[in-house]
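Notes for the structure review
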There are 2 protein chains.
Amino acid sequence: MSMSVESVSAPARVAELGEGITVDELRLAARNHGMPLEALHYDVTPVGLHYLLTHYDIPVIDPAAWRLAVDGAVPRPLSLSLDDLRAREPVTHRVTLECAGNGRARLEPRPVSQPWLDEAVGTASWTGARLADVLGEAGLRDGARLLDAAVDVAFTGADRGVERGEEQVYRRGLPVAEALRDDVLLAYEMNGQPLPPQHGAPVRLVVPGWYGMAHVKWLVGVTVLDAPFDGFQNVTAYRVKREPDEPGEPVTRILPRALIRPPGIPDFQSRVRIVDRGRVVLTGRAWSGWAPVLGVDVSADGGGSWAAAELGPQPDTYAWRPWRFTWEAPEPGRYALRARARDGAGHVQPVEAAWNRQGMANNHAQLVDVVVR
Amino acid sequence: MSMSVESVSAPARVAELGEGITVDELRLAARNHGMPLEALHYDVTPVGLHYLLTHYDIPVIDPAAWRLAVDGAVPRPLSLSLDDLRAREPVTHRVTLECAGNGRARLEPRPVSQPWLDEAVGTASWTGARLADVLGEAGLRDGARLLDAAVDVAFTGADRGVERGEEQVYRRGLPVAEALRDDVLLAYEMNGQPLPPQHGAPVRLVVPGWYGMAHVKWLVGVTVLDAPFDGFQNVTAYRVKREPDEPGEPVTRILPRALIRPPGIPDFQSRVRIVDRGRVVLTGRAWSGWAPVLGVDVSADGGGSWAAAELGPQPDTYAWRPWRFTWEAPEPGRYALRARARDGAGHVQPVEAAWNRQGMANNHAQLVDVVVR
């Protein structure tokens, strides 16, 4: 790589204390986007409201010419067309996706990257072919017997760029045991329509329960590896760490989070909510990538005291669960609403999560600033 | 309005020199979004890539219960259902929409509001009923004879909020002569599908050629006025002015602008482009709300010298026109690509536009930072 490329692709950094958001961060915020929080209304997020993060550029792919290479340490490599995938039994799952960097811009000091606040989430109905079936045909398993040597499966997208000085196509590794789960999809439809370009057309990976980085978009390659995957996105980018040089822990499944649909009406600039005194029915959603949500608590005093919300049905294992809570908005003044979730695997959402240097998997509790009048 | 509402809804302000982007601005950038510039590839922008600006919250409207009130200074007020509109002759126009605040975050000092850089644009195919026909039925004109008293038509959306201290529903006025144009639509489809919630479902106004603020979303009222409309969005918000207290000039039609589809591959964080030495075909789009685009010039030295691009066909009067330009990327180094457009009404896009206090209608030339290797 020439000096000139390195000069425009700096290492990851943490903002100075008090440093305002930079144009570098704004440029990412203007092209990627979160889900406007009022869209917590929808069981399934309409296209265009679901959060979106693109590392490089959204590629343009001709679906008729598209092929998926299935190769690596398998006895029968495959090259599949979109029709080949569509000819299989279609499987649909409703899945909540969240960016691993959600909440990053609220950390102090702030990791400089895509500056999410609370809104990097969405729930879609994904339809596709089972990855496990395709891997089985390639010979990854022979009946119940798994190919001994297989360790990870690498998924390659068609999007290319430079990241922290390293030129790359977007590529992620996943442990074989996860890749063989029954609900992992080679998805070609979102909400009953062909995938839109920005969500990975014509085919993306969907790994229910995992943070967004695992759901590789614009998928062109599935490679079975007999050694652990050591690419940038697993080894460098998506790690929870405090020091720049420590290896850190990999980011995997989504930690529990509850979000409140902001009540009342907003102020345009501050987004503070204005609510009339009296009974306010608060609603929202909660999810976890580890297990269904078992409880949501709500606080109207910034986290000083909590009360249990009423839960609606869990629609699918890894889809958000609706909740509601009746708040008697008291005398006029300013209030801080918060919500937190816990799941069936014993994870409890913290009110303030621990800082980490890349702002990953930070499931602190949202704070909705409300004026009662 | 109580003191507490005023305390969260401050007047418009301009950032201090050197002041970083604030969380207030980031909050808007995270929920609204621009068009990722690689989507300049598409003649018609796919849903979810078109820019989006919501002043308050995206309302949820039951299309079966929705009614459009047509009233005010007309002899025959109407209440129309979605079926009533769909029963009329459908009219389709391809239209480029741009936010009047596009480019705002590049101004110095920076007006504090939705912090757009270059990307607040998109082109859609809008289908709907002719507004002029509906106004005709209500009696605004009797054959060729226009109702004498009519001055403006006010369009009311269903979205409510507080803006700069004033509680309001979103409402804009349009001169009667514009409202009666043959191509102004009560649109219920975008790109051949029912409007998505975020673009105004079930019905929005489309006024080809005007900046986005005129295309009122979630339309519920059309009111013929016998006096000039004096609501907030016309009199306070969308004005070009330098001093806080001057009335300024109204924002109306889109000034010409050309955008370059960024070539090569991006760096993740800086979005600087990396291009291989040699022939690079630059492509992009150019548009104007005053008249079709007649010329696009490209500069590879930051605006020092310019050469004419080749224009593709103008697809519809107010839709962007494609252009291309072959750039012989010279010796390795850093280059600043720019483009500028001129239209058939005599408007020439400035390289650096004049500053104004709300960052409105600022059509300075984009700058694409490129490293040739």
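The following refers to the structure shown.

How each quantity is defined
Residues numbered from 1 in each chain as written. Chains lettered and ligands numbered in written order. Predicted model: local features only at pLDDT ≥ 70, side-chain atom pairs only at ≥ 80, totals over all residues. Heavy atoms only, no water. Salt bridge = Lys/Arg side-chain N within 4 Å of Asp/Glu carboxyl O. Buried < 20%, exposed > 50% of the residue type's maximum accessible area, 1.4 Å probe, protein only. Contact = heavy atoms within 4.5 Å. Buried area = accessible area lost by both parts, 1.4 Å probe. Helix = DSSP H or I, 4+ residues; strand = E, 2+ residues; numbered from the N terminus. Nonpolar A, V, L, I, M, F, W, Y, C, P; charged D, E, K, R; others polar. Least-squares fit on C-alpha atoms with pLDDT ≥ 70 in both. Core = buried A, V, L, I, M, F, W, Y, C linked by side-chain atoms within 4.5 Å.

**Focus on the pattern of salt bridges**
Taken as a whole, this structure holds 46 salt bridges over all chains when the rule is applied. Residue glutamate 178 of chain A pairs with arginine 181 of chain A through a salt bridge whose shortest N-O separation is 2.8 Å. Its relative accessible area of 13% is what places arginine 181 of chain A among the buried residues. Among the charged side chains, a network of salt bridges with common partners joins Arg160 and Glu167 of chain A together with Asp276 and Arg373 of chain B.

**Considerations on the interface of chain A and chain B**
On the side of chain B, 66 residues touch chain A, which itself brings 66 residues to the contact. Summing both sides of the interface, chain A and chain B together bury roughly 6,000 Å²; the carbon and sulfur share of this comes to 60%. Three residues, Val8, Phe268 and Gln269 of chain A, lead the burial of chain A against chain B; their summed loss comes to 13% of the area buried on that side. Here chain A and chain B share eight salt bridges between them. Between glutamate 167 of chain A and arginine 373 of chain B there is a salt bridge, with its nearest N and O atoms 2.6 Å apart. Secondary-structure elements contributing two or more residues to the side of chain A that touches chain B are helix H1 (3–8), helix H2 (23–31), strand E9 (152–163), strand E18 (265–266), strand E19 (273–275) and strand E26 (368–372) of chain A. Broken down by element, the side of chain A that touches chain B gets its largest block of residues, nine residues, from H2 of chain A. Here the side of chain A that touches chain B is composed, by residue class, of 30 nonpolar, 19 polar and 17 charged.

**Digging into the relation of the copies chain A and chain B**
With an RMSD of 0.0 Å, the operation that places chain A on chain B is a rotation of 180 degrees combined with a shift of 0.0 Å along the axis. Seen this way, the second copy is the image of the first under a two-fold rotation axis. Residue by residue, 100% of the interface of chain A is reproduced at the interface of chain B, so both copies engage with the same surface.

**Observations concerning the nonpolar core**
In terms of nonpolar packing, the biggest core is built from 77 residues, with Trp126 and Phe155 of chain B touching the most fellow members. Among the elements that line this core, the one with the most residues is strand E11 (residues 185–190) of chain B, at five residues. Leu37, Ala39, Ala237 and Val251 of chain A belong to the second largest nonpolar core, which has 76 residues in total.

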